[in-house]
Amino acid sequence: MTTKKQPRVDVKKTYKLFINGAFARSESGRVFEVTAKNGDFIANPALASRKDLRDAVTAARAAQSGWAKATAYNRGQILYRVAEMLEGRAEQFESEIALTSQITAAKAKAQVTDAIDRWVWYAGWSDKLQAVSGATNPVSGPFFNFSISEPQGVIAIASDVSFIDFIDAIAAAVVSGNTTLVLVPGSLAVPAMTFAEVLATSDLPAGVINILTGSLDELAPWAASHMDIDGFDISGVNKKKHGELKVAGAENLKRIHAFSTGQSPSRILAFMESKTVWHSVGV
């Protein structure tokens, strides 16, 4: 007598947030629905709350000093490791991007290839930033005067365009020593949380990159007004809302930028500050 084999039940992925190097459930317990182009259900990513945002800021601030003090060579190695891990899961990313966005499989593959190359490109900038942005300044007197570029600190990122824009924003912010919290709405949440799994296995210190999925309308104003966030990349926010976010960020002189170009050294330098050091000339 043979026993008919019962069809197995697929193991559905439980989407969470990525905070302080761990996959955490939203304290709100809320989710939102992501569907395919044909309307089929894909996933229920977590709908992050204001409390989740505060937790991500706390994690980013705690990690920032150590990440900034890491050698440029070490940061470059870690960013290159992200490229390695991303390439190892390229097919999964291509499938998810094609499934959740309005682009073809060929364009999805091109985005993933570009994303891998971007991490290598940004990794190469880690030990060149001081040479490009620093200077020895001419002064009148027996002094040396140096300009040294430093990371600003904690940078919020609102990403709602494409996977490659999501990558450009993150890599440009962290290569100099900043830490980030990334706000990801809509269908981009699916590949974004898969990317969090890449980060979790890429030697990146906990808290350097934190990813919150949810609503930009809900989270972006709180990120703009948060007093412990030093900069805000609002490239993924509707342009009609840029003005109110800049007003909200004015109290702590938050650097708020929207970029029209992706891969650019100027995008790295936008979230760096110049420190001037005077030193007497020895006799």
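Residues numbered from 1 in each chain as written. Predicted model: local features only at pLDDT ≥ 70, side-chain atom pairs only at ≥ 80, totals over all residues. Heavy atoms only, no water.

A. Quick look at the overall build of the protein. A count of helical and extended segments in the protein gives 10 helices and 12 strands. What you see for the protein is a C-alpha radius of gyration of 21 Å, in line with the 19 Å of a compact globule of 283 residues. When the backbone C-alpha atoms are referred to their principal axes, the protein occupies close to 100 × 40 × 30 Å. Contacts in the protein between residues at least 24 apart in sequence constitute 76% of all its contacts with a sequence separation of at least 6. As displayed, the protein has an accessible area near 14100 Å², and 54% of this comes from carbon and sulfur atoms. (Helix = DSSP H or I, 4+ residues; strand = E, 2+ residues; numbered from the N terminus. Rg over C-alpha atoms; globule rule 2.2 N^0.38 Å. Contact = heavy atoms within 4.5 Å. Areas by Shrake-Rupley, 256 points an atom, 1.4 Å probe, with all protein chains shown as cover.)

B. Highlighting the packing of aromatic side chains. Throughout the structure, instances matching the rule amount to 9 aromatic pairs. Taking the centre distance of 6.1 Å and the plane angle of 70 degrees together, the rings of Phe-259 and Phe-271 count as edge-to-face. Of this pair, Phe-259 sits in the loop between strand S11 (255–257) and helix H10 (265–269) while Phe-271 sits in the loop between H10 and strand S12 (272–280), and the two are 12 residues apart along the sequence. When its relative accessible area of 2% is taken as the criterion, Phe-271 is described as buried. Three or more aromatic residues joined by ring pairs form one cluster here, namely Phe-93, Trp-119, Phe-163, Phe-166 and Phe-195. (Phe/Tyr/Trp six-rings, centres within 6.5 Å; stacked < 30°, edge-to-face > 60°. Buried < 20%, exposed > 50% of the residue type's maximum accessible area, 1.4 Å probe, protein only.)

C. Expanded view of the nonpolar core. Trp-119, Phe-163, Phe-166, Ile-170, Phe-195, Ile-209 and Ile-211 are the most contacted members of the largest nonpolar core, which has 57 residues in total. If you tally residues by element for this core, the top one is helix H6 (residues 163–174), at 10 residues. In contact with Ile-209, not counting residues within four places along its chain, are Phe-18, Trp-119, Ile-170, Val-174, Thr-180, Val-182, Leu-199 and Leu-204. (Core = buried A, V, L, I, M, F, W, Y, C linked by side-chain atoms within 4.5 Å.)

D. A look at the side chain of Asp-168. Summarising the element assignment, Asp-168 is placed in helix H6. For Asp-168, a relative accessible area of 1% puts it in the buried group. Other than its neighbours up to four places away in sequence, Asp-168 contacts Arg-118, Tyr-122, Gly-262, Gln-263 and Arg-267.

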